[in-house]
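# Examination of the molecular architecture
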Amino acid sequence: MQKKALITGVTGQDGSYLAEFLLEKGYEVHGIKRRSSLFNTGRIDHIYQDPHVDNRNFILHYGDLTDSSNLIRIIKDVEPDEIYNLGAQSHVAVSFESPEYTADVDAMGTIRLLEAIRLLGLEKKTKFYQASTSELFGDVRESPQKETTPFYPRSPYAVAKMYAYWICVNYREAYGIYACNGILFNHESPRRGETFVTRKITRAIANIAMGLEDCLYLGNMNALRDWGHAKDYVEMQWLMLQQETPDDFVIATGVQYSVRQFVDFAAKELGITIEWQGKDEQEIGIVINIEGDKAPGLSLGQKIVAVDPKYYRPTEVETLLGDPSKAKEKLGWEPVITLQEMVAEMVQVDYREACKHAILKEHGYAMSVAKE
Ligand code: NDP
Ligand code: GDR
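Below, the structure is looked at part by part. Every value quoted in this text rests on a predicted model; they were computed, and no experiment measured them.

## Notes on the site of ligand 2
- In the neighbourhood of ligand 2, 22 residues make up the surrounding shell, with Val92, Thr133, Val197, Gly219 and Ala223 lying closest.
- For the shell around ligand 2, the per-class residue count stands at 10 nonpolar, 7 polar and 5 charged.

Shown next, in the form of structure tokens:
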């Protein structure tokens, strides 16, 4: 029997990689997309199937995690074997601006899905994956962080995700639903949203190299993160639902770098060496060497990085480092793509885009580069 999966957040970074992965495994994949005034399917256009063809195995439904009647109807129609709850207001900084909405989507959205499973009597049929997060560890109580490390969330996003984590555990214990939390550390890719720090960096460095932007403004460059590749991490999301019993797992690489180091790695990809000067809000990054011909828009001595305190968060998560031993042992899972490979991939994709824009600009088709 062909298995059916339902993915919330299918138009997001992880949703797109997971949909690809499940289609390759032979699943019938259903995804929930939000109504938007512009097309929001850019990450899944390559796997889109026209609704007018027969025997489709990738089917999109309009829906929203804030609307339980809609979620119940979709789950009733699809009767999925597996639900992957990846949909979320996923930006930590934005959660300070829209805390109530973040709670509605990230916390209440999760209970709406679990209740739909229960109301429809699908407790024994439908397995549930919850996209939990290393942000739960927040102000870290031990390092590296593992499944037993106490939580100390530091943002409305993390607090909402903490509710989702525990309601998932509770429905597993109370109703026997096969529900798992993947406690995923940061994972990135060329499909990462442009306002998360890694993509913001690779995109800006590419634009600066081509003379489309002058300077990259960042917040806390001392923040340390354990960055993996999204493509590696979605395989684990599936593996967690293929076990005898449901459980919760930390997924991480076990290596951490600072935001500043990430900037250095990205710049190096285009032959640029940066010297860091000043401290805290006065810190700047100056170009001290340019190798090769990939940065025609750049000059020696140019200031290409500076701090803008508006990107500081009211409460910051300074350091995250995961211990993925349990996932390695029980799921046989290990990340394949290194940080260096990932940075190279992200920079190359953004550099190709910057080159295209530079040509358009040169021929009088002016373009502005969105930064926020
Ligand atoms: P993205 O921000 O790229 O994608 C989020 C998805 O959720 C998008 O498809 C978005 O739709 C959708 N969404 C947002 N609000 C709603 C809503 N009200 N109803 C339905 N769908 C909605 O996130 P990622 O792919 O990076 O992350 C996937 C999940 O994993 C998220 O839950 C995130 O919190 C969690 N996570 C991510 C980590 C990471 O490092 N990437 C680490 C740990 C956890 P639209 O495209 O229309 O905006
Ligand atoms: P994070 O990712 O908050 O860890 O959440 P993000 O890339 O936004 O920030 C990482 C660190 O970089 C610092 N930082 C900046 N961040 C952004 N976005 N923009 C800046 O200009 C900037 N300058 C410095 C941040 O302060 C932070 O310390 C991500 C999301 O995907 C969540 O959904 C997920 O749960 C966690 O990862 C694990």
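Still more ground to cover, so stick around.
## Description of unusual backbone geometry
- With omega at -5°, the peptide bond leading from Ser143 into Pro144 counts as cis.
- Its location among the elements puts Pro144 in the loop between strand S5 (127-133) and helix H5 (156-175).
- Residues other than glycine seldom take positive phi values, yet Asn55 does so here, at roughly 55°.
- Tracing the chain through its elements places Asn55 in the loop between strand S2 (28-33) and strand S3 (58-62).
- Asn55 sits in the exposed class, given 6 other C-beta atoms within 10 Å.
- Despite not being glycine, Glu79 shows a phi value in the positive range, around 45°.
- Position of Glu79 relative to the elements: it lies in the loop between helix H2 (68-78) and strand S4 (82-85).

## Description of the pairing of strand S14 (residues 284-290)
- Sheet topology places strand S13 (residues 272-277) next to S14; 6 bridges connect them, and they run antiparallel. Its bridge partner lying in S14, Glu275 is registered against Ile286.
- In this antiparallel pair of consecutive strands, S13 and S14, the connection spans 6 residues, and Gly278 shows a positive phi of 80°.
- Strand direction decides the pairing type here: S14 and strand S15 (residues 303-307), joined by 3 bridges, are antiparallel. Among the inter-strand pairings, Ile286 is bridged to a residue of S15, identified as Lys303.

Thresholds applied
- Residues numbered from 1 in each chain as written.
- Chains lettered and ligands numbered in written order.
- Predicted model: local features only at pLDDT ≥ 70, side-chain atom pairs only at ≥ 80, totals over all residues.
- Near = placed C-beta within 6 Å.
- Nonpolar A, V, L, I, M, F, W, Y, C, P; charged D, E, K, R; others polar.
- Helix = DSSP H or I, 4+ residues; strand = E, 2+ residues; numbered from the N terminus.
- Buried ≥ 20, exposed ≤ 12 C-beta atoms within 10 Å, placed from the backbone.
- Pairing = 2+ DSSP bridges.

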